[in-house]
Amino acid sequence: MNIGDAALASGVSAKMIRHYEETGLIPKASRSDGGYRTYAERDIHLLRFIRQGRLLGFSMKQIAELIGLWLDQSRPSSKVKQLALDHIAELDDKIKELQAMKATLEQLACHCHGDARPDCPILEGLAKQQNISIK
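Residues numbered from 1 in each chain as written. Predicted model: local features only at pLDDT ≥ 70, side-chain atom pairs only at ≥ 80, totals over all residues. Heavy atoms only, no water.

**Observations concerning helix α2 (residues 14-23)**
Here's step 1: Buried within α2 are the following residues: Ile17, Tyr20 and Glu21. Down the axis of α2, the sector holding all buried residues measures 100°, keeping them to one side. Residues Lys15, Glu22 and Thr23 are exposed on α2 and point more than 90 degrees away from its buried face.
Here's step 2: With its phi angle positive at about 85°, Gly24 sits one or two positions after the end of α2. (Buried < 20%, exposed > 50% of the residue type's maximum accessible area, 1.4 Å probe, protein only. Helix = DSSP H or I, 4+ residues; strand = E, 2+ residues; numbered from the N terminus. Arc of directions from axis to C-beta.)

**Some words on the nonpolar core**
Here's step 1: Membership of the largest hydrophobic core comes to 19 residues, with the highest contact counts inside it found for Ile17, Tyr20, Ile26, Tyr39, Leu47 and Ile50.
Here's step 2: Those elements giving two or more residues to this core turn out to be α1 (3-10), α2, α3 (41-55) and α4 (60-71).
Here's step 3: No other element matches the 4 residues that α3 contributes to this core.
Here's step 4: If near-sequence neighbours (up to four positions away) are discounted, Ile50 is found in contact with Tyr20, Leu25, Ile26, Ile63 and Ile67. (Core = buried A, V, L, I, M, F, W, Y, C linked by side-chain atoms within 4.5 Å. Contact = heavy atoms within 4.5 Å.)

**A few points about the side chain of Gln62**
Here's step 1: Here Gln62 is to be found in helix α4.
Here's step 2: Owing to a relative accessible area of 9%, Gln62 belongs among the buried residues under this scheme.
Here's step 3: A polar atom in the side chain of Gln62 sits 2.7 Å from the backbone nitrogen of Ser59.
Here's step 4: Not counting the four nearest positions on each side in its chain, Gln62 is found in contact with Gly57, Leu83, His87 and Glu90. (Polar contact = N/O pair within 3.5 Å; in protein donor to acceptor, adjacent residues only side chain to side chain.)

**Quick notes on a negative patch on the surface**
Here's step 1: On the surface, a cluster of negative charge is made up of Glu65, Asp86, Glu90, Asp92, Asp93 and Glu97.
Here's step 2: Considering each element in turn, the negative patch owes the most residues, 5 residues, to helix α5 (residues 77-110).
Here's step 3: Along the chain, the position of Glu90 falls in helix α5. (Patch = residues over 30% accessible without salt bridge, like charges linked within 9 Å, V, L, I, M, F, W, Y side chains within 5 Å. Areas by Shrake-Rupley, 256 points an atom, 1.4 Å probe, with all protein chains shown as cover. Salt bridge = Lys/Arg side-chain N within 4 Å of Asp/Glu carboxyl O. Lys, Arg positive; Asp, Glu negative; His and termini not counted. Charge placed at Lys NZ, Arg CZ, Asp CG, Glu CD.)

**Topic: the side chain of Glu21**
Here's step 1: Note that Glu21 resides in helix α2.
Here's step 2: In contact with Glu21, other than residues within four places in its own chain, are Ile26, Pro27, Lys28, Ala29, Arg37 and Tyr39.

**Topic: the packing of aromatic side chains**
Here's step 1: Following the criterion strictly, the structure yields 1 aromatic pair and no others.
Here's step 2: Both rings, one in Phe49 and one in Trp70, keep their centres 4.3 Å apart while their planes meet at 10°; by these two values the pair is stacked. Of this pair, Phe49 sits in helix α3 while Trp70 is found in helix α4, placing the two residues 21 residues apart along the sequence.
Here's step 3: Given a relative accessible area of 25%, Phe49 falls into the partly exposed group. (Phe/Tyr/Trp six-rings, centres within 6.5 Å; stacked < 30°, edge-to-face > 60°.)

**Side note on the packing of α3 against α4**
Each pair of packed helices can be summarised by the angle the axes make with each other and by the distance between the axes.
Here's step 1: In the contact formed by α3 and α4, the axes pass within 10 Å of each other and the chain directions differ by 135°. Relative to α4, the element α3 lies oblique. Between α3 and α4 the crossing geometry is right-handed. Counted together, Arg42, His45, Leu46, Phe49, Ile50, Gly53 and Arg54 of α3 and Met60, Ile63, Leu66, Ile67, Trp70 and Leu71 of α4 form the full contact between these two elements.
Here's step 2: Class assignment of the residues belonging to the contact of α3 with α4 gives a composition of 9 nonpolar, 2 polar and 2 charged. (Axes fitted to C-alpha atoms, helices over the stretch in contact; angles between N-to-C directions. Parallel < 35°, antiparallel > 145°, perpendicular 65-115°, else oblique. Left-handed = near helix turned anticlockwise from the far one by under 90°. Nonpolar A, V, L, I, M, F, W, Y, C, P; charged D, E, K, R; others polar.)

Purely geometric stuff here, so don't read any function into it on its own.
Now the structure itself:
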């Protein structure tokens, strides 16, 4: 199938498929006699695997590791589990950061009157956090 069909079947855009090829995440596509990229069902499975990994927030480096583990039938599942647990820890850290950002914004928004006056605790709070002043 061509790149458009592969994109449709995998849920990965043609641009990203080309990018994955260029970065070596997936093997270079076969070429037709006319020079067009062609993809087999195995390629589609690999692209779907990558898409799922991205949806779960894995980095490209982690996905490359996962692909290697997926393709290695003699791999111990403990390596896969450790990679997943490490990613869960990263997600937990990001969640804590996002919760802290949300709490700060909620506090700033709570103190803002949101009326026609120019004074704004939100802007003042942002300026204070960045050590800048607004004139």
